Amino acid sequence: MDMKSYTTQILNKVRQSAPLVHNITNFVVMNSSANILLAVGASPVMAHCIKEVEEMTSMANALVLNIGTLDEQWVESMIISAKAANLKNIPVILDPVGAGATKLRTEMTRKIIREAEVSVIRGNASEILSLFSDEVKTRGVDSSLSVNDSIIDAAQKIALETQCIIAISGRNDIITDGKRIFSVSNGQPIMTRVTGIGCGLTAVVGAFCAEAEGEFLLAVTAAHAFYGLCGELAHESGQGPGTFFIRFLDLLSSAGEKQIRDCLKVNQI
Amino acid sequence: MDMKSYTTQILNKVRQSAPLVHNITNFVVMNSSANILLAVGASPVMAHCIKEVEEMTSMANALVLNIGTLDEQWVESMIISAKAANLKNIPVILDPVGAGATKLRTEMTRKIIREAEVSVIRGNASEILSLFSDEVKTRGVDSSLSVNDSIIDAAQKIALETQCIIAISGRNDIITDGKRIFSVSNGQPIMTRVTGIGCGLTAVVGAFCAEAEGEFLLAVTAAHAFYGLCGELAHESGQGPGTFFIRFLDLLSSAGEKQIRDCLKVNQI
Amino acid sequence: MDMKSYTTQILNKVRQSAPLVHNITNFVVMNSSANILLAVGASPVMAHCIKEVEEMTSMANALVLNIGTLDEQWVESMIISAKAANLKNIPVILDPVGAGATKLRTEMTRKIIREAEVSVIRGNASEILSLFSDEVKTRGVDSSLSVNDSIIDAAQKIALETQCIIAISGRNDIITDGKRIFSVSNGQPIMTRVTGIGCGLTAVVGAFCAEAEGEFLLAVTAAHAFYGLCGELAHESGQGPGTFFIRFLDLLSSAGEKQIRDCLKVNQI
């Protein structure tokens, strides 16, 4: 099956099943991630209290962890949830926001990866590379690196080493399980000028993986491509970041087979 | 006085007095609830620190408690605030988001109801019923039940037992004090596809009750109907959840007597 | 150089340099402040954990502190960050949201000012005055005072005493270093009907001060005027607070020399 048919199919599955996506995420994007998940057809829940996260994850179809406004107690909750997700065999998606910017973020992300099984790590180039090299620095939450061939090589090695799908966002997104590599060229620069767009993608990756029956590589690629093409279409009016985000939510909800057929840009490399 | 005149009157009172509504609410909706309260004409304040909540509630005209991203320390603050509200004789509105999904949420909500006087409990059917039956489960923050005759019976019993107004949101909203029952058929399904719409209604119930001089049943009903009709009008353009929410805020601010006269749908049953 | 040229110049510097603005701010506005900073061309980061704030501030170009949903532990983080900012000689902007409403807010704000060097304090009249007089009360987060001559006198005294730029928002904004006083009459009443607009201004003040090379008085004035004129232009369609905020973000991103030349209203008094 080609990626256009696959993307249409998994999007429709999400819309029919409305998978429950448990998010332990940062304060900045809780609202936007919930709206992005609702727009795409999933059912979001946010819960972080150590006394309820295991129970909440146990009724979910995917778990999304995001360290954007980290606190140590939240990391404990994340690890408990990730272990519950592992037991239930649901996907765990990790967004290491700002890893490489502070020791806390880098170390806590490494701790999560060490103590639980993560299915997918999605971030920008310096966030991802910083997890495996102390040399790489992130500027706040912005990448200090562009995606290029040596980044792709590194992503592949990291995927093999961690047994995770690695997804790096950039002008072209790179998604790899260490063996196969997909490149997605959908997307629009204005997506970096609205807060929470990257975090929202991580959440949508969670929703798609919930319906992927364990075949995460294609689901992660499909999520990136669909998300990126909604961004392209949302920017057509060109009115600025405020209007862009509103149109983007509308399109996440309305775009489907036709837009995927006309606009999806995925290559295996 | 009929409900159309009453709703117009209490809405105008809110706009003239700008009641101060103290919210202890969840992280996902703090921004949207504040904007919804401002749009309708009220003055929102968010404060949760145990060292200031009593003082903040003491200057407020209504208190809104929402357990959406619960933490035990926040429950302590909620109970202190609720007691301060009881002393000052201002309405206390409780939104048991996700009650029935985890033990923590169910138990903490029951604790609040036990330790302070709550004026109104507003939620979806399974959230409300779970407070009084361990059999009822909620899926994340989505109701597992639809509103039907047996739910209405249960709502009535709960209202009598707790001496609270019980408001259950659904295709038709049910509002009861245990003796009288109102049904509101305003509203639009897209309202369930935007995060924080239910929580925002709870906040608006707080603003209306602040101006109700203790007659909460009609005020709660009016809040539901006005909110629902703004939702209907906001959806007329049909562009999706992003555009919907923006138009909804515009209408909460601009709709008034004319829209209420043309669109309000309330029945006593 | 006149204020129109200066404002154009510093805005362009912000857009070229994308200063990293570290925000320790309240839950209600984290998303809107991040979007406002991105729209204006800056690079926001939010981080509050006591284990990472020093490191985060050390890579930033400005620090913005906002006590809107205060907690004592956050105040500790704020003071640590402010000291790191002082060491690095980057501007520290303080928004005393709700000071004068509760003892906690008033006292914690005074503590920050006492323990670290703050460059700019921005708030409404009663928030600012309450920091220096126990008589002044704030209603929730709304000012109980209007800007008038005695307020201007007070602002000047406070500026001299604290060695901070004092910026008071109102129908006309007043910005003073105790010697010179600027009045900005840009702005639009609807800006008080959307949550986080004041907090977003504080963040933009941070971005402008990051590019001011220590000349904060003019930078703070330029930030107020540019922000206010974007508000005026955003309200032209007159559709309500939802549409207003979206247009406002668009304009923060697109307005520039032409709009500044046509609309900036700054007077030295």
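Residues numbered from 1 in each chain as written. Chains lettered and ligands numbered in written order. Predicted model: local features only at pLDDT ≥ 70, side-chain atom pairs only at ≥ 80, totals over all residues. Heavy atoms only, no water.

Scanning the entire structure with this criterion turns up 30 salt bridges over all chains. The residue Lys51(B) makes a salt bridge to Glu72(C) at a minimum N-O spacing of 3.1 Å. Here Glu72(C) lies in helix 4 (residues 72-88) and Lys51(B) lies in the loop between strand 2 (43-46) and helix 3 (53-58), a pairing that spans two chains. As a salt-bridge pair, Arg110(B) and Asp134(B) come within 2.8 Å of each other at their nearest N and O atoms. In this pair, Arg110(B) is assigned in helix 5 (residues 103-115) and Asp134(B) in the loop between helix 6 (125-130) and helix 7 (149-162), connecting sequence segments 24 residues apart. Judged by its relative accessible area of 24%, Arg110(B) falls in the partly exposed class. (Salt bridge = Lys/Arg side-chain N within 4 Å of Asp/Glu carboxyl O. Helix = DSSP H or I, 4+ residues; strand = E, 2+ residues; numbered from the N terminus. Buried < 20%, exposed > 50% of the residue type's maximum accessible area, 1.4 Å probe, protein only.)

Here we take up the interface of chain A and chain C. Every contact between the two is made by 29 residues of chain A and, on the other side, 31 residues of chain C. Both faces combined, the contact of chain A with chain C buries some 2,300 Å², and carbon together with sulfur accounts for 55% of it. It is Phe27(A), Arg139(A) and Arg193(A) that lose the most area in chain A upon contact with chain C, and together they represent 23% of the buried surface on that side. Summed over the shared surface of chain A and chain C, the number is 15 residue pairs in polar contact (both at pLDDT 80 or more). Of all the secondary structure elements, the ones that give two or more residues to the side of chain A that touches chain C are helix 5 (103-115) and helix 10 (241-254) of chain A. With 4 residues, helix 10 of chain A is the single largest residue contributor to the side of chain A that touches chain C. Class assignment for the residues of the side of chain A that touches chain C results in 10 nonpolar, 12 polar and 7 charged. (Contact = heavy atoms within 4.5 Å. Buried area = accessible area lost by both parts, 1.4 Å probe. Polar contact = N/O pair within 3.5 Å; in protein donor to acceptor, adjacent residues only side chain to side chain. Nonpolar A, V, L, I, M, F, W, Y, C, P; charged D, E, K, R; others polar.)

This brings us to the sheet that holds strand 2 of chain B. Residue and element names in this part refer to chain B. Here we have 9 strands laid out as an open sheet, ordered 2-1-3-4-5-6-7-8-9, and mixed in their pairing. Two strands lie at the open edges of the sheet, namely strand 2 and strand 9 (266-268), each paired on one side alone. Adjacent strand axes in the sheet meet at a mean angle of 20 degrees, parallel and antiparallel pairs treated alike. Two strands pair when backbone bridges link them, and strand 1 (residues 20-24) and strand 2 are joined in this way by 4 bridges, in the parallel orientation. (Pairing = 2+ DSSP bridges. Axes fitted to C-alpha atoms, helices over the stretch in contact; angles between N-to-C directions.)

On to helix 4 (residues 72-88) of chain B, then. Residue and element names in this part refer to chain B. With 17 residues, helix 4 should reach 24 Å at 1.5 Å per residue; the first-to-last C-alpha distance of 25 Å fits that figure. Along helix 4, the positions that sit buried rather than exposed are Trp74, Val75, Ser77, Met78, Ile79, Ser81, Ala82, Ala84 and Ala85. Buried residues in helix 4 make contact with strand 1, helix 2 (30-40), helix 3, strand 3 (62-66), strand 4 (92-95) and helix 5. The positive-phi residue at the C-terminal boundary of helix 4 is Asn89, with phi of around 65 degrees. (Expected span 1.5 Å × (residues − 1).)

Another aspect to go through is helix 10 (residues 241-254) of chain B. An ideal rise of 1.5 Å per residue puts 20 Å on 14 residues; helix 10 of chain B measures up with 20 Å between its terminal C-alpha atoms. Turning to helix 10 of chain B, its buried residues are Pro241(B), Gly242(B), Thr243(B), Phe244(B), Phe245(B), Ile246(B), Phe248(B), Leu249(B), Asp250(B), Leu251(B) and Leu252(B).

Each partner contributes residues to the interface: chain A has 31 residues there, and chain B has 29 residues. It is Leu38(A), Glu52(A) and Asp250(A) that lose the most area in chain A upon contact with chain B, and together they represent 20% of the buried surface on that side. Across the contact surface, chain A and chain B share 2 salt bridges. For the interface between chain A and chain B, the tally reads 14 residue pairs in polar contact (both at pLDDT 80 or more). Residue contributions to the side of chain A that touches chain B peak at 6 residues, all from helix 2 (residues 30-40) of chain A. Among the residues making up the side of chain A that touches chain B, the classes are represented as 19 nonpolar, 8 polar and 4 charged.

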